[in-house]
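Observations on the three-dimensional arrangement
Here is what each chain is made of, one letter per residue.
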Amino acid sequence: MAAYSTNEFKSGLKVMMDGDPCSIVENEFVKPGKGQAFNRVKLRNLKTGRVIDRTFKSGETLEAADVLETQLQYLYSDGEFWHFMSPETFEQYSADGAAVGDAAKWLKEQDICTVTLWNGVPLSVAPPNFVTLKVTETDPGLRGDTSSGGNKPATLETGAVVRVPLFIDVGEVLKIDTRTGEYVERAKE
Amino acid sequence: MAEAETRWRPTANRRALEARARLLADIRRFFAERGVLEVETPILATAPATAPHLHSLTTHYQGPQNPEGQRLFLQTSPEHAMKRLLAAGSGPIYQLARVFRNGESGRRHNPEFTLLEWYRPGFDHWALMEEVDIFLSLLLGTPKGERLSYGEAFQHYLEVDVFAASHKVLEGLARAHGFQGGTEKGEEARQIALDFLMAAVIEPQLGQGRPCFVYDYPASEAQLARVRPPSKACSVSLAERFEVYLNGMELANGYHELSDAAEQRQRFQADLAHRKARGLEEVPLDELLLAALAQGLPDCAGVALGVDRLLMLLLGSLHIEEVLAFPVDRI
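Keep in mind it's a predicted model, so treat the numbers as computed, not measured.

With that settled, the discussion passes to unusual backbone geometry. Residue and element names in this part refer to chain B. Of note in the backbone geometry, Gln-65 takes a positive phi value of approximately 85° without being a glycine. You can see Gln-65 is positioned in the loop between strand 3 (58-63) and strand 4 (66-74). Phi angles above zero are rare outside glycine, and Asp-216 is one such case at about 60°. Within the fold, Asp-216 resides in strand 8 (residues 212-218).

Here's what the structure looks like:
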């Protein structure tokens, strides 16, 4: 496996740290007057998402992490695993709950997700920035109320609950921003 | 935009270029008013600084005087040549020198930079700290600086008696602050832990709003400074050296200069042994400096101050490239 020296550290580089794959967020060279030089590095643990600070002697190396970001189509969930397929190679991958995390509530069959693979196994799943989902449950819509600014909870076909305007009815299809979990607009079918 | 279309441009803006010109003029006026002579010494030398963590850039000369060709070192500081002038009776001198350090590049480092170095015969490190304080107040408008011994700095910021603490305690402290320790053992691991704690933990907190003068370093960090043997007042040897910090940035490094040629030779040889043990390239000793010391260096103190960092403080710059016309990635 390749290794990177501190001189090669830059943001986005994927390395192994304490047995976990990490992405370098920031790298700063520091040196006392005539003493040992160091690199102060911020690393994001790609399994937990936590950012840690570590300082290395300049010239030390870290093993490269075999991490790959790829676009995969979501197929289905069997309750334990979420199954994905590469639209190019048709190769299938199964992600566990830890990898899917919060993305689970936005996953709709056929949608293309960004899946980070580590040694060929899904490490994390990011849903599309925007998804269109059908409302399965909400209080009856108030006709004509398109501007009062009030809102109410609605349950979507994937189980996610979002705040929607009062005029939305069961059966409508909505565009949602998955990064904020917010309603954007009614989707045209 | 294509890379060549932006890479030719300077990274410093007009305001920074003007500030640099003004600063250099102010520095020259400061020393002219005090009767300190401006000197120039060669950038090239046949022998480099020996400190194990200073890495020289080298070049090659071939021609008259040296038909076989010769490796020459670009200076990491003008210290050796300036001490030869002092030994020859120059009196107080200063220099605005271009210096070069291999392997140093970052937010506050560029491999080529401007160092202001000055020497004061008859001064010890205390008297020189006073002059640096006045220099900073005139050039940066800073209030009078605080004085903090190296031991006090560790006591205050890390609550540890740095001279009494065991290797294990210091290494543990470094790890607790995020240092990913190496394979070194004993004295070397201790020194690396001290370097880390100073550079990464203490330094960023020093000199907020006014200069902080840290003095009396461990004898292991004496470099070319005098070492004071243990006494009734202090049970360990201390280097008569100081560093100046301002807004969490190291700005200057000063010594009450070692003038004993035999001791200087021993330290150089210890540096070379250390380099050899670390697998670094062997370098020649500066016999010309040692000969000058043997002839007699006047009792003096000297300090080296980073001009680019001074400019960063003056302009509030966060990255050294804001004050350099062309940093290393644009040459």
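Text resumes after the structure shown.
In total, this model carries 33 salt bridges over all chains according to the counting rule given. One salt bridge connects A:Arg179 with A:Asp177, and the closest N-O pair in it is separated by 3.2 Å. By relative accessible area, which is 12% here, A:Asp177 ends up buried. One salt bridge connects B:Arg228 with B:Glu240, and the closest N-O pair in it is separated by 3.1 Å. One end of the pair, B:Arg228, is in strand 9 (residues 227-228); the other, B:Glu240, is in strand 10 (residues 238-246), and 12 residues separate them in sequence. B:Arg228 gets classed as partly exposed once you look at its relative accessible area, which sits at 31%. Among the residues examined, B:Glu240 registers a relative accessible area of 12% and is labelled buried. If you follow the salt bridges from partner to partner, you end up with B:Glu130, B:Asp133, B:Lys144 and B:Arg147 in one network.

For the rest of this paragraph, the subject is the packing of helix 2 (residues 14-33) of chain B against helix 10 (residues 307-315) of chain B. All names here are of chain B. Two elements in contact, helix 2 and helix 10, have axes whose closest approach is 10 Å; the angle formed by their N-to-C orientations is 120°. With respect to their mutual orientation, helix 2 and helix 10 come out oblique. Judged by the twist between their axes, the crossing of helix 2 over helix 10 is right-handed. Contacts between helix 2 and helix 10 involve Arg-15, Ala-16, Ala-19, Arg-20, Leu-23, Leu-24 and Ile-27 from the former and Val-307, Asp-308, Leu-310, Leu-311, Leu-314 and Leu-315 from the latter. Of the residues that constitute the contact of helix 2 with helix 10, the class distribution is 10 nonpolar, no polar and three charged.

Attention now moves to the interface of chain A and chain B. With 18 residues of chain A at the interface, the matching set in chain B holds 25 residues. Interface of chain A and chain B: buried area, both sides summed, is about 2000 Å²; carbon and sulfur atoms make up 54% of it. On the chain A side of the interface with chain B, the three residues burying the most area are A:Phe29, A:Lys31 and A:Lys34, jointly 36% of the side's total. Between the two partners, chain A and chain B, sit three salt bridges. Of the charged contacts, one joins A:Lys31 and B:Glu104 as a salt bridge, the two residues approaching to 3.5 Å between their closest N and O atoms. Linking chain A to chain B there are 10 residue pairs in polar contact (both at pLDDT 80 or more). Tallying contributions element by element places strand 5 (residues 51-57) of chain A first for the side of chain A that touches chain B, with five residues. Of the residues contributing to the side of chain A that touches chain B, the split by class is five nonpolar, four polar and nine charged.

Residues and elements named next belong to chain A. Spatial strand order, 9-8-7-10-11: five strands in an open sheet with antiparallel pairing. Looking at strand neighbours, the two that pair on one side only are strand 9 (92-95) and strand 11 (121-126), the edges of this open sheet. Looking at each pair of strands side by side, their axes are set apart by 45° on average, direction ignored. Judged from the four bridges that link them, strand 7 (residues 67-77) and strand 8 (residues 82-85) form a sheet pairing that is antiparallel. Considered in strand 8, the bridge of Tyr-74 is made with Phe-84.

Reading the values: rules and limits
Residues numbered from 1 in each chain as written. Chains lettered and ligands numbered in written order. Predicted model: local features only at pLDDT ≥ 70, side-chain atom pairs only at ≥ 80, totals over all residues. Heavy atoms only, no water. Helix = DSSP H or I, 4+ residues; strand = E, 2+ residues; numbered from the N terminus. Salt bridge = Lys/Arg side-chain N within 4 Å of Asp/Glu carboxyl O. Buried < 20%, exposed > 50% of the residue type's maximum accessible area, 1.4 Å probe, protein only. Axes fitted to C-alpha atoms, helices over the stretch in contact; angles between N-to-C directions. Parallel < 35°, antiparallel > 145°, perpendicular 65-115°, else oblique. Left-handed = near helix turned anticlockwise from the far one by under 90°. Contact = heavy atoms within 4.5 Å. Nonpolar A, V, L, I, M, F, W, Y, C, P; charged D, E, K, R; others polar. Buried area = accessible area lost by both parts, 1.4 Å probe. Polar contact = N/O pair within 3.5 Å; in protein donor to acceptor, adjacent residues only side chain to side chain. Pairing = 2+ DSSP bridges.

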